[in-house]
Structures are given as C-alpha cells and as structure tokens.
Amino acid sequence: MEVFSKLLGLPFWEKLVDLHGLLAMVSLVLFGAGIILYFVVLKSGNFIKWLKTVLLFLFADLVLLDIAGLSVYIPYRAPGGPRSYLISQEETAWLHGIIFEHKEFLAFAPPLIILTAFLVVRVLGKNFNDQSVSYLRRSVIFSLLVSLVFVLVVAAEAVLVTKAAPVG
C-alpha cells in the first residue's frame, strides 16, 4: 500500500513523465509482437487479424506517446525550466539546439509509418501472402523495423537531454 500512496503523492508532471515512459515501454513490447507476428503470418495467414490488431494498438500507443511527450514539453519550455538551463550553459546548449530539436521532429514519423503498415495489412487481408504483393508485404516488416529504430533513437536522445536537465 505504501508504494501506491508514494506514487499518488508524486507531482502531476512527474506522473505525466512516468506515463510517457510507460507508453514508450509498451511500444517496445508491441514492436516485438508485430515483428514476431509478421513472420508467423508468413507461415499461416490465419494470424493476419492478430497482426492487424497489434499494428493498430501500436499506432494508438505511438500517438498517445507523442501526445504525452508534447504535454511534458510544457514544463520543459517554462521560464526557468530545463530548456532555459540547457540553453544557458555553453556545454549543454547543443542538447537543446540539436538533440532535442531532432528528437522532437523524429518522434512524429513512427505513428505515420505504422499507420501505413496497418493500412497495407488491412487492405491485403487474406491476400497478404500472395507472391504478387510481396513488395507490399516486405514494406510492413520494413516499416516495423524503421519505426522501431526511430523510437529507439528518440528514446536515447530523450535520456541524453533528461540526464542533463530533468523535467519535474
């Protein structure tokens, strides 16, 4: 019970930052499930519905992850907040000017890429394993892998910035 009372006692922004981190971890589980299901569907098309479902949940998770990230951006930009600290120090200014800005824009790509993969799987449906659409089928695994790499890069950049100037 003490754990829950301590968690409930956290300030709002720390709770939101923690939710943001939880959504990031959930995305990794969903990426793993999507990659595994892609190869399972190649063996048996009976699992196509599972792949569609995981891709849809992954898309929703990534959208919520971006929304939480944009919300956490409010205290980051507040006067006297982490952004002010980073910019004021010559040795950390690059973290905002380069790393944070890159992270901010790269984070919008994975949801769009995964939505596209979901739509491809949805449209192909039972025809997913047909040889005539092999290029579309391969685009799904490519989308999963590229989006995963993007999410990992964004997470690494977030850790860099947060270690220098935590939010909350």
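Residues numbered from 1 in each chain as written. Predicted model: local features only at pLDDT ≥ 70, side-chain atom pairs only at ≥ 80, totals over all residues. Heavy atoms only, no water.

Colleague: Got a sec to walk through the packing of aromatic side chains? Specific residues and values, please.
Modeller: Tallied over the entire structure, the rule returns three aromatic pairs. Between Y38 and F39 the ring centres are 5.1 Å apart and the planes differ by 90 degrees, which places this aromatic pair in the edge-to-face class. Y38 gets classed as buried once you look at its relative accessible area, which sits at 3%. Pairing Y38 with F128 gives two aromatic rings, centres 6.0 Å apart and planes at 85 degrees, and the pair type is edge-to-face. Within this pair, whereas Y38 is found in helix 2 (residues 12-43), its partner F128 is found in the loop between helix 6 (109-124) and helix 7 (134-164), the two being separated by 90 residues in sequence. Owing to a relative accessible area of 1%, F128 belongs among the buried residues under this scheme. Three or more aromatic residues link up through ring pairs in this structure, and these residues are Y38, F39 and F128. (Phe/Tyr/Trp six-rings, centres within 6.5 Å; stacked < 30°, edge-to-face > 60°. Buried < 20%, exposed > 50% of the residue type's maximum accessible area, 1.4 Å probe, protein only. Helix = DSSP H or I, 4+ residues; strand = E, 2+ residues; numbered from the N terminus.)

Colleague: Kindly report on the packing of helix 3 (residues 48-77) against helix 6, identifying the contributing residues and their values.
Modeller: Where helix 3 meets helix 6, the axes come as close as 9 Å, and the angle between the chain directions of the two elements is 160 degrees. Between helix 3 and helix 6, the angle is such that the two are roughly antiparallel. The two elements helix 3 and helix 6 meet at a crossing, and its hand is left-handed. On helix 6, the residues touching I48, L51, K52, L55, L56, L58, F59, L62, V63 and D66 of helix 3 are P110, P111, I114, L115, A117, F118, V121 and R122. (Axes fitted to C-alpha atoms, helices over the stretch in contact; angles between N-to-C directions. Parallel < 35°, antiparallel > 145°, perpendicular 65-115°, else oblique. Left-handed = near helix turned anticlockwise from the far one by under 90°. Contact = heavy atoms within 4.5 Å.)

Colleague: Would you mind going over the nonpolar core in detail, with residue names and values included?
Modeller: Within the largest apolar cluster, 29 residues are counted, with the highest numbers of intra-cluster contacts made by F31, L51, L55, F128, V140 and L144. Every residue in contact with V140, bar those within four places of it in the chain, is listed here: Y38, L55, A117, V120, V121 and F128. By size, the runner-up hydrophobic cluster in this structure holds eight residues, among which are L86, L95, F100 and V161. (Core = buried A, V, L, I, M, F, W, Y, C linked by side-chain atoms within 4.5 Å.)

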